[in-house]
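Okay, here's what each chain looks like letter by letter:
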Amino acid sequence: MNNTLVTLTPGQSTNSDIVPLLLEHLPADRIVHSGLLDGLTLAQIEQLYGAVAAENVMAIRLNDGSQLLLSAACIERGLQQRIDRLEEAGYEIILLLSSEKFSGLTTRHATLLEPDRIVPPLVEAIVEGHQVGIMLPQDGLKDRLAGKWKNLSHPPCFAVASPEHSDEDLLIDAALSLQEQGADVVVLDSIGYQQRHRDFLQKLLGIPVLLPNVLVARLAAELLL
């Protein structure tokens, strides 16, 4: 048994916003990081994961802050291959660092923690009966992620504010838009949102703001204790 957690990101492993939260619960020597795009040049990334016209794409942020639109299907195949190799290396807990929806990732023996599968049922149990506002990191995700929240008691409302943008006005505008749409609970639906975003918005709005990253980090840590 490899008593170490390995994180797996569709991007580059050093570009992970959830790591500080994991370090609040686990020592650094019990966390290993793996990124699908680690060690690849831009040309290699485009060759392996580039999207063609009319194909579903996934936005991947690189360490330099730039963003690539890559083939969602190719990324999913690449993640499955990496999961297989991590299992062969003996890792028993694999934490996928992505809020994207993947339909077919599997393991043979290891525990695969997928935020997309873990977070919605937890949020549904917490917010039963409330109007939920979902904050997304970028345009174009609402239609793709709407099914993720289909079991909420009320259809959620949505707004967009990138967690990577330094302009707080955009975050404020998105939060106020959710409140104007009737939200009395806000969910920050991206791995990129941090505790500082949650604290800022909860003070601004005066309503509960949920940061799923915290739930995922705590669950991952519990499995290693």
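Thresholds, definitions, all that
Position numbers for residues start from 1 in each chain and track the written sequence from start to end. Side-chain atom pairs in this predicted model are given and counted only at pLDDT of 80 or more, local residue features only at pLDDT of at least 70, and totals for whole chains, interfaces and linings cover all residues. Side-chain figures throughout are based on the complete set of non-hydrogen atoms in the structure, without hydrogens or water. Two strands pair under a simple rule: DSSP has to find at least two bridges between them. Working definition: helices are DSSP H or I runs of at least four residues, strands are E runs of at least two. Numbering for both runs from the N terminus. Only heavy atoms enter the contact rule, under which two residues are in contact if any of them lie within 4.5 Å. To obtain an axis, a line is fitted to C-alpha atoms, over the contacting stretch when the element is a helix, and the angle between two such axes runs from 0 to 180 degrees between their N-to-C directions. For every residue, the accessible area (1.4 Å probe, protein chains only) is compared with the maximum for its type, and the residue is labelled buried under 20%, exposed over 50%, or partly exposed between those bounds. Note on charges: Lys and Arg go in the positive column, Asp and Glu in the negative column, and His and the chain ends are not counted at all. Between Lys or Arg on one side and Asp or Glu on the other, a salt bridge is scored when a side-chain nitrogen of the former is within 4 Å of a carboxyl oxygen of the latter. N or O atoms within 3.5 Å of each other form a polar contact, as long as, within protein, one can give a hydrogen and the other can take it, and as long as residues adjacent in sequence are counted only when both atoms are side-chain atoms. We call a set of buried Ala, Val, Leu, Ile, Met, Phe, Trp, Tyr and Cys residues a nonpolar core when their side-chain atoms join them within 4.5 Å. By definition in this entry, angles of less than 35 degrees are roughly parallel, angles greater than 145 are roughly antiparallel, angles of 65 to 115 are roughly perpendicular, and the rest are oblique. Crossing handedness is read from the near helix: turned anticlockwise from the far helix by less than a right angle, it gives a left-handed crossing, and turned clockwise, a right-handed one. Under this grouping Gly is polar, as are all residues other than the nonpolar Ala, Val, Leu, Ile, Met, Phe, Trp, Tyr, Cys and Pro and the charged Asp, Glu, Lys and Arg. How sure the predictor is of each residue is captured by pLDDT, a score from 0 to 100.

Caption draft 1: Structural detail: the sheet that holds strand 10 (residues 209-210). Across the sheet, four strands lie side by side as 8-7-9-10; this open sheet has parallel pairing. Lying at the two open borders of the sheet, with one neighbouring strand each, are strand 8 (157-160) and strand 10. Summarising the sheet, strand 7 (residues 132-136) and strand 9 (residues 185-188) pair through four bridges and their orientation is parallel. Bridge pairing links Met 135 to Leu 188 in strand 9. Sitting on the sheet, helix 7 (residues 195-205) is in contact with strand 7, strand 9 and strand 10, with an inclination near 160 degrees to strand 9.

Caption draft 2: Region of the structure containing the side chain of Arg 30. Take Arg 30: it is sitting in the loop between helix 1 (19-23) and strand 2 (31-35). Despite its burial, Arg 30 remains without a salt bridge, the nearest opposite charge being carried by Asp 29 at 5.7 Å. Setting aside residues no more than four positions away along its own chain, Arg 30 makes contact with Asn 3, Thr 4, Leu 5 and Leu 224.

Caption draft 3: Focus on the side chain of Ser 190. Along the chain, Ser 190 turns up in the loop between strand 9 and helix 7. Note on Ser 190: relative accessible area 12%, which makes it buried. For Ser 190, the side chain forms a polar contact with the main-chain nitrogen of Gly 192, separated by 3.1 Å. When neighbours within four sequence positions are excluded, Ser 190 is seen to be in contact with Ser 99, Pro 137, Pro 163 and Asn 213.

Caption draft 4: Representation of the nonpolar core in the model. Of all hydrophobic cores here, the largest spans 48 residues; its most connected members are Leu 5, Leu 22, Leu 95, Met 135 and Leu 188. Leu 5 has contacts with Leu 22, Leu 26, Arg 30, Ile 31, Val 32, Ile 93, Leu 95, Ala 220 and Leu 224, leaving out every residue within four places of it along the chain.

Caption draft 5: Expanded view of the pairing of strand 4 (residues 67-71). With five bridges connecting them, strand 3 (residues 57-61) and strand 4 associate as antiparallel partners. Within strand 4, the position partnered with Arg 61 by the bridge is Gln 67. Hairpin connection, strand 3 to strand 4: the antiparallel pair is bridged by five residues, and Gly 65 has positive phi, about 90 degrees.

Caption draft 6: Quick look at the environment of Pro 137. Mapped onto the elements of the fold, Pro 137 is located in the loop between strand 7 and helix 5 (142-145). Taking the C-alpha atoms as reference points, Pro 137 and Asp 189, separated by 52 residues in sequence, lie 7.5 Å from one another.

Caption draft 7: Quick look at the packing of helix 6 (residues 168-180) against helix 7. Contact geometry of helix 6 with helix 7 gives a least axis separation of 11 Å together with a crossing angle of 50 degrees. As far as their axial angle goes, helix 7 and helix 6 are oblique. Here helix 6 and helix 7 pass one another in a crossing that is right-handed. Taken together, the residues of helix 7 that come into contact with helix 6 (itself represented by Glu 168, Leu 171, Ile 172, Ala 175, Leu 176 and Gln 179) are His 197, Phe 200, Leu 201, Leu 204 and Leu 205. Residue composition of the contact of helix 6 with helix 7, by class: eight nonpolar, two polar and one charged.

Caption draft 8: How the structure looks around the pattern of salt bridges. For the structure on display, the rule yields six salt bridges. Of the charged contacts in the structure, one is a salt bridge between Asp 199 and Arg 198, with a shortest N-O distance of 3.1 Å. A residue is classified by how much of its surface remains accessible, and Asp 199, at 38% relative accessible area, is partly exposed. Classification of Arg 198 by relative accessible area gives partly exposed; the value is 23%.

Caption draft 9: Fine view of the confidence of the model for the chain. Residues of the chain with pLDDT of at least 70 account for 95%, and the chain-wide mean is 87. In the model of the chain, helix 5 stands out as the element of lowest mean pLDDT, 71, in contrast to helix 3 (residues 72-88), which has the highest, 96.

Caption draft 10: Spotlight on the environment of Lys 150. By secondary structure assignment, the location of Lys 150 is in the loop between helix 5 and strand 8. Look at Lys 150 and you get exposed, because its relative accessible area is 65%. C-alpha of Lys 150 to C-alpha of Pro 120: the two residues are 30 residues apart in sequence and 9.2 Å apart in space.

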